Amino acid sequence: LRARGYATMCIGKWHLGDQPDFLPTRHGYDHYFGLPYSNDMQRPSAKSGTAVVPLMRDEQVIELLAGDDQDRLTERYTDEAVKFIRDQRTRPFFLYLATSMPHTPLGASKDFKGKGPTPYADTLAELDDTVGRVLDALESKGLAQDTIVIFTSDNGPWLNFGRHAGVTGGLREGKGTTWEGGVRVPFI
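For clarity, every value in this text was computed on a predicted model and none was experimentally measured. (Residues numbered from 1 in each chain as written. Predicted model: local features only at pLDDT ≥ 70, side-chain atom pairs only at ≥ 80, totals over all residues. Heavy atoms only, no water.)

Let us look at the packing of aromatic side chains. Each aromatic ring pair is summarised here by two numbers: the centre-to-centre distance and the angle between the ring planes. Summed over the entire model, instances satisfying the criterion amount to five aromatic pairs. Taking 6.2 Å as the distance between ring centres and 90 degrees as the angle between the ring planes, the aromatic pair formed by Phe33 and Tyr77 counts as edge-to-face. A residue pair is termed long-range when its members are at least 10 positions apart, and Phe33 in strand β2 (residues 31-34) and Tyr77 in helix α1 (residues 73-87) qualify at 44 residues. The same class applies to Phe33 and to Tyr77, which are both buried. Summarising the aromatic geometry, the rings of Phe84 and Phe93 are spaced 5.7 Å apart at their centres and angled 90 degrees between planes, so their arrangement reads as edge-to-face. The buried category is assigned to Phe84, whose relative accessible area is 7%. (Phe/Tyr/Trp six-rings, centres within 6.5 Å; stacked < 30°, edge-to-face > 60°. Helix = DSSP H or I, 4+ residues; strand = E, 2+ residues; numbered from the N terminus. Buried < 20%, exposed > 50% of the residue type's maximum accessible area, 1.4 Å probe, protein only.)

Here you go:
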């Protein structure tokens, strides 16, 4: 789409390679903000030895996130998405927003953490808010009727995490299997 004149941005989990040649900015995106792999793939920091994941902007690591630092990931991704939408003036755009949550370790910002019956419920409440904020940004720009928004997931719940991973609604098995509970996902 970039070659067709679209402004393009990838926000969130990339998970298609963390070396420069594999990053989103080398594969059709003008800009990138997110983690180059899953948020549970923490590695020891060379400085502190603490397990961290790298938060990147374009091709640069801007921050190493450890532990509760991931609690604000969804909020930060949403802020970036809304800013990208609002900054578009005349060009059509493509925004790919792949939140790290509800992947474990779960995180939710202060407005959502501890508000629901489980950490998973807190995380989902914040994701619901994210969708609302993105749709509101489109509406405020007068683009809601001319924009395709696709909402989906990459797999079913990771059942070994119990109540922190969701439920299959009676479907067999979950993430990591080829049974319906592992591969049947929402597509809205």
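This paragraph deals with the pattern of salt bridges. As a working rule, side chains carrying opposite charge can pair if their charged atoms are close by. Evaluated as defined, the whole model comprises 14 salt bridges. The partner of Arg2 in a salt bridge is Asp30, and the shortest N-O contact between them spans 3.7 Å. Pair noted here: Arg2 is in the segment before β1 (7-12) and Asp30 is in the loop between β1 and β2, with a separation of 28 residues, a long-range link. Judged by relative accessible area, which is 25%, Asp30 ranks as partly exposed. (Salt bridge = Lys/Arg side-chain N within 4 Å of Asp/Glu carboxyl O.)

Right, let's get into the environment of Leu171. For Leu171, the location among the structural elements is in the loop between α2 (119-140) and α3 (180-183). A residue is classified by how much of its surface remains accessible, and Leu171, at 24% relative accessible area, is partly exposed. Spatially, the C-alpha atom of Leu171 lies 17 Å from that of Phe161, the residues being ten residues apart in sequence. Apart from residues lying up to four places away in sequence, Leu171 is in contact with Glu180, Gly181 and Arg184. (Contact = heavy atoms within 4.5 Å.)

Okay, the packing of α1 against α2 next. Two elements in contact, α1 and α2, have axes separated by 9 Å at closest approach and are oriented at 10 degrees. By the criterion of interaxial angle, the relationship of α1 to α2 is roughly parallel. Contacts between α1 and α2 involve Thr74, Glu75, Thr78, Asp79, Ala81, Val82, Ile85 and Arg86 from the first element and Glu126, Leu127, Thr130, Arg133, Val134, Ala137, Leu138 and Ser140 from the second. Within the contact of α1 with α2, the residues separate by chemical class into seven nonpolar, four polar and five charged. (Axes fitted to C-alpha atoms, helices over the stretch in contact; angles between N-to-C directions. Parallel < 35°, antiparallel > 145°, perpendicular 65-115°, else oblique. Nonpolar A, V, L, I, M, F, W, Y, C, P; charged D, E, K, R; others polar.)

This brings us to the nonpolar core. Core analysis: the biggest nonpolar cluster contains 20 residues, and Leu35, Leu55, Leu73 and Tyr77 have the highest contact counts within it. With six residues, the single largest contributor to this core is α1. Excluding its chain neighbours within four sequence positions, the residues that come into contact with Tyr77 are Ile11, Gly12, Lys13, Phe33, Gly34, Leu35, Leu55, Leu97, Ala98, Thr99 and Ser100. With six residues, the next largest nonpolar core counts Cys10, Trp14, Leu23 and Tyr29 among its residues. (Core = buried A, V, L, I, M, F, W, Y, C linked by side-chain atoms within 4.5 Å.)

Residues Val131, Leu135, Val149, Phe151 and Ile188 make up a contiguous nonpolar surface patch of roughly 440 Å² in combined accessible area. As for its placement among the helices and strands, Leu135 is situated in helix α2. The exposure class of Leu135 is partly exposed, given its relative accessible area of 38%. (Patch = residues over 30% accessible without salt bridge, like charges linked within 9 Å, V, L, I, M, F, W, Y side chains within 5 Å. Areas by Shrake-Rupley, 256 points an atom, 1.4 Å probe, with all protein chains shown as cover.)

In this section: α1. Because the α-helix completes a turn every 3.6 residues, residues three or four places apart line up on one side. Here α1 spans 21 Å end to end across 15 residues, near enough to the 21 Å set by a 1.5 Å rise per residue. Three or more residues of α1 are buried, namely Leu73, Thr74, Arg76, Tyr77, Thr78, Glu80, Ala81, Val82, Phe84 and Ile85. For α1, the secondary structure elements touched by its buried residues are β1, β2, β4 (51-57), β5 (60-65), β6 (93-98) and α2. (Expected span 1.5 Å × (residues − 1).)

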